[in-house]
Amino acid sequence: MAMNASADAANAARRAADHPWFERLARSGYVANGILHGVLGALALVLATGGSAQADQSGAIQALASQPFGELLLWVCAAGSLLLGLWNISQALLHSDKLRTRIKFVSTGLVFLLTGGAFGRYAIGSGSDSKKTATSLSGELMGHPAGQITLIITGAAVICVGGFFVFRGVTRRFLKDLKTTGGTAVSPAVKITGTIGYIAKGLVLGALGLLFIVATIQHDPEEATGIDGALKAIRDQSFGSVALAAIGVGLLAYAVYLLFRARYDSMD
């Protein structure tokens, strides 16, 4: 009896995970991520042109919250991100036999669940400043040798992820995630925005990882200020404003690509 109940529960979970509407609603998570990166790209351009902005996830979400119907938009983005996160987790648990594929689904799912949680926290008015959180956590870890090693390893891992994004952009491996677009008017736009966007996102992640390593070596937690600090560090270099403007445009391109991905992702 217990085995039958367990089998029935597993079948019910599989049917829910395979329901077409679950997949359709989960695609809205890419739209939410596109909106987030679009605002982040705009904030990067503000910094590049000499303005003042907090160009990170919390700054982008705060900017969204300040818009008309901002609270509603945050709830919609939270729901989309959480649904896409749950969809990825369900694929890892119910459909993936290879360990590598399961790790991919789980890691992607966790990223979207965390993003959805961030949208939700700001929607209810309890969001935290990611810049201050990064500085505080880094300060605590830097006080211990094991924590310093952890930060350096984390920085190196983020650099590797950034390199992977650049690699996918340069080689256009991201196109493997998409269905055939079927139209010459759409396909070039997907390729161009995806290529530029993946490279820009990779450069931001690379700068972020490097910033954590440098801050740890110098034992200065004030330098470990997350994406906002990484973008400002780029701006402060020679020709940094031009480089940051290019990254801002690249993040906007990545945002457009994510909107295409919401429509054309193969979801497998």
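Read on for an overview of the structure. (Residues numbered from 1 in each chain as written. Predicted model: local features only at pLDDT ≥ 70, side-chain atom pairs only at ≥ 80, totals over all residues. Heavy atoms only, no water.)

1. So, the overall build of the chain
Moving on, step 1. Check the secondary structure of the chain and you find 11 helices and 0 strands.
Moving on, step 2. Listed N to C, the secondary structure of the chain is α-α-α-α-α-α-α-α-α-α-α in terms of helices and strands.
Moving on, step 3. Residues counted as buried form 42% of the 268 residues belonging to the chain.
Moving on, step 4. Within the structure as shown, the chain displays about 13900 Å² of accessible surface, and the carbon and sulfur contribution to it stands at 66%. (Helix = DSSP H or I, 4+ residues; strand = E, 2+ residues; numbered from the N terminus. Buried < 20%, exposed > 50% of the residue type's maximum accessible area, 1.4 Å probe, protein only. Areas by Shrake-Rupley, 256 points an atom, 1.4 Å probe, with all protein chains shown as cover.)

2. Here's the deal with the nonpolar core
Moving on, step 1. Membership of the largest hydrophobic core comes to 55 residues, with the highest contact counts inside it found for Tyr30, Ile61, Leu74, Phe119, Leu231, Leu244 and Tyr257.
Moving on, step 2. Apart from residues no more than four positions distant in its own chain, leucine 74 is found in contact with Ile61, Leu64, Ala65, Phe119, Tyr122 and Ala123. (Core = buried A, V, L, I, M, F, W, Y, C linked by side-chain atoms within 4.5 Å. Contact = heavy atoms within 4.5 Å.)

3. Description of unusual backbone geometry
Moving on, step 1. Backbone geometry places arginine 172, a non-glycine residue, at a positive phi of 60°.
Moving on, step 2. In this structure, arginine 172 sits in the loop between α8 (145-171) and α9 (187-217).
Moving on, step 3. Backbone geometry at phenylalanine 239 places phi at a positive 60°, although glycine is not the residue there.

4. Thoughts on the pattern of salt bridges
Moving on, step 1. Per the counting criterion, the structure on display carries 6 salt bridges.
Moving on, step 2. Linking arginine 168 and aspartate 177 is a salt bridge whose minimum nitrogen-to-oxygen distance equals 2.4 Å.
Moving on, step 3. Residue class for arginine 168 comes out buried when judged on its relative accessible area of 13%.
Moving on, step 4. Judged by its relative accessible area of 13%, aspartate 177 is buried.
Moving on, step 5. One salt bridge in this structure joins aspartate 177 and arginine 261, with 3.6 Å as the shortest N-O distance. Of this pair, aspartate 177 sits in the loop between α8 and α9 while arginine 261 sits in helix α11 (residues 240-264), and the two are 84 residues apart along the sequence. (Salt bridge = Lys/Arg side-chain N within 4 Å of Asp/Glu carboxyl O.)

5. Side note on the packing of α8 against α9
Moving on, step 1. α9 packs onto α8 with a crossing angle of 165° between their chain directions and a minimal axis gap of 7 Å. By the criterion of interaxial angle, the relationship of α8 to α9 is roughly antiparallel. Read as a crossing pair, α8 and α9 show a hand that is left-handed.
Moving on, step 2. Tallied by class, the residues present in the contact of α8 with α9 amount to 17 nonpolar, 9 polar and 2 charged. (Axes fitted to C-alpha atoms, helices over the stretch in contact; angles between N-to-C directions. Parallel < 35°, antiparallel > 145°, perpendicular 65-115°, else oblique. Left-handed = near helix turned anticlockwise from the far one by under 90°. Nonpolar A, V, L, I, M, F, W, Y, C, P; charged D, E, K, R; others polar.)

6. Describing the side chain of aspartate 265
Moving on, step 1. Relative to the helices and strands, aspartate 265 is located in the segment after α11.
Moving on, step 2. Assessed through its relative accessible area of 4%, aspartate 265 is described here as buried.
Moving on, step 3. Engagement of the side chain of aspartate 265 in a polar contact is seen with the side chain of arginine 261, the distance being 2.6 Å.
Moving on, step 4. In this structure the side chain of aspartate 265 is engaged in a polar contact, spanning 2.7 Å, whose partner is the backbone nitrogen of methionine 267. (Polar contact = N/O pair within 3.5 Å; in protein donor to acceptor, adjacent residues only side chain to side chain.)

7. Topic: the packing of aromatic side chains
Moving on, step 1. Applying the stated criterion across every chain, the model contains 9 aromatic pairs.
Moving on, step 2. Arranged with centres 6.0 Å apart and planes meeting at 75°, the rings of tryptophan 87 and phenylalanine 105 form a pair that is edge-to-face. Here tryptophan 87 is found in helix α5 (residues 70-94), whereas its partner phenylalanine 105 is found in helix α6 (residues 99-123), with 18 residues between them in sequence.
Moving on, step 3. Between phenylalanine 165 and tyrosine 254, the aromatic rings sit 6.5 Å apart at their centres with planes inclined by 70°, giving edge-to-face as the arrangement. (Phe/Tyr/Trp six-rings, centres within 6.5 Å; stacked < 30°, edge-to-face > 60°.)

8. Some words on the environment of leucine 86
Moving on, step 1. Relative to the elements of secondary structure, leucine 86 occurs in helix α5.
Moving on, step 2. For leucine 86 and phenylalanine 112, which are 26 residues apart along the polypeptide, the C-alpha to C-alpha distance reads 8.4 Å.
Moving on, step 3. Discounting residues that sit within four places of it in the chain, leucine 86 has contacts with Phe22 and Leu113.

9. Topic: a nonpolar patch on the surface
Moving on, step 1. Among the surface-exposed residues, Phe69, Leu72 and Val76 lie close enough to one another that they form a single nonpolar patch of about 370 Å² accessible area.
Moving on, step 2. Note that leucine 72 resides in helix α5.
Moving on, step 3. Classification of leucine 72 as exposed rests on a relative accessible area of 54%. (Patch = residues over 30% accessible without salt bridge, like charges linked within 9 Å, V, L, I, M, F, W, Y side chains within 5 Å.)

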